[in-house]
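Residues per chain are reported as follows:
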Amino acid sequence: MKIEEVLILPSIVLLIIALALYYRASYTRIFIKRLTMRKKIKKLCKKKGYKLHPARTLWWLGRNSGTRPDFYIATKEYIVSVKLFASKTRHGILIFEQNGSFYLRKYIGIRMLGNSFITPYKSMPGKLHKIFFNYGFKDEWYTKTPIKIMLLNPTPMEVRVTGENGKENVVSSSQQLFGAYIYSLTGFLSRLEAIDEI
């Protein structure tokens with residue numbers, strides 16, 4: 001066995017371990033952020049007298065690929081349908097395109113010969129399915145005003161949408177996108193705090 005072969009094998013094993021830890025870390029981040037989100041939403045609902053209606057048992061672990069809301073919040077006047085959306089990393093820009101696809105633009109830093117470069121690269125695209133925000137509505141909810149929310153938790157560094165001309169525009173919290181309002185957790189809790197006072 002040559003010395004190069006002996007050195008390559010441990011390097012490959014270390015690379016695989018590093019990738020596995022990185023992959024696991026992104027999901028650990030989502031899990032911790034979602035636990036915090038769950039606690040804050042339940043606390044606000046209890047304080048304001050709102051009714052939280054989970055759409056499934058582990059509602060706070062909703063995926064980006066679903067077509068139904070993850071939970072509903074019933075207030076006096078409104079029924080809020082919420083679809084959760086997660087960004088695996090905070091060091092990227094989440095970009096939605098007009099056709100409903102999305103991707104996370106990540107950045108790689110390269111340092112060579114005393115110079116440093118930051119170059120973006122596109123991750124694998126995903127497809128944003130049509131979300132049926134009134135799926136599973138109870139009969140009494142049809143008398144309330146519906147509000148459709150896409151809750152980004154955890155959030156990326158920035159959210160953008162590609163316009164018809166191909167130019168990317170920054171999306172701010174509470175802006176409407178694909179028929180739903182986009183919110184970070186902080187913006188969502190602020191809106192929910194004052195929803196019946198509007």
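Please refer to the structure higher up on the page.
Note that this is a predicted model, so its numbers are computed, not measured.

## Section: the layout of surface pockets
- Considering only enclosed or pocket space, the second largest pocket measures out at about 370 Å³ in volume.
- For the second largest pocket, the lining is made up of 20 residues, of which Lys-130, Ile-131, Phe-133, Lys-148 and Phe-178 are closest to its centre.
- It is strand 8 (residues 145-152) that provides the largest number of residues to the lining of the second largest pocket, a total of three residues.

## A look at unusual backbone geometry
- Cis geometry is found at the peptide bond from Asn-153 to Pro-154, where omega equals -5 degrees.
- Although it is not a glycine, Phe-178 sits at a positive phi angle of roughly 55 degrees.
- Along the polypeptide, Phe-178 turns up in the loop between strand 11 (176-177) and strand 12 (180-184).

## A word on the nonpolar core
- Within the largest apolar cluster, 22 residues are counted, with the highest numbers of intra-cluster contacts made by Ile-41, Phe-71, Ile-73, Val-80, Leu-151 and Phe-188.
- At the level of secondary structure, the elements contributing two or more residues to this core comprise helix 1 (3-48), strand 2 (71-74), strand 3 (78-85), strand 8 and helix 2 (185-193).
- The residues touching Val-80, leaving out its near neighbours within four places in the chain, are Phe-71, Tyr-72, Ile-73, Ile-147, Ile-149, Phe-188, Leu-192 and Ile-195.
- Of all hydrophobic cores here, the second largest spans 13 residues; its members include Phe-85, Leu-104, Val-171 and Leu-177.

Quick notes on the rules
One numbering rule holds for all chains: residues counted from 1, following each sequence as written. Totals for whole chains, interfaces and linings use all residues, but because this is a predicted model, local features are given only for residues with pLDDT of at least 70 and pairs of side-chain atoms are given and counted only at 80 or more. Note that the side-chain values use all heavy atoms of the structure and ignore hydrogens as well as water. Any residue with an atom within 4 Å of a point lines the site, the site being either a cavity, points on a 1 Å grid over the protein atoms alone where a 1.4 Å probe fits but cannot get out, or a pocket, an open set with protein on both sides within 12 Å along at least 5 of 7 lines. Grid points are joined across faces, edges and corners, and a volume is the space filled by probe spheres set on the points. Secondary structure elements follow DSSP: runs of H or I of four or more residues count as helices, runs of E of two or more count as strands, with numbering from the N terminus. Residues belong to one nonpolar core when they are buried, are Ala, Val, Leu, Ile, Met, Phe, Trp, Tyr or Cys, and are joined through side-chain atoms within 4.5 Å. Exposure is judged per residue with a 1.4 Å probe applied to protein chains only, and the accessible area is read against the type maximum: over 50% gives exposed, under 20% gives buried, and values in between give partly exposed. Contacts are residue-level and defined by heavy atoms, with any inter-residue pair within 4.5 Å sufficient.

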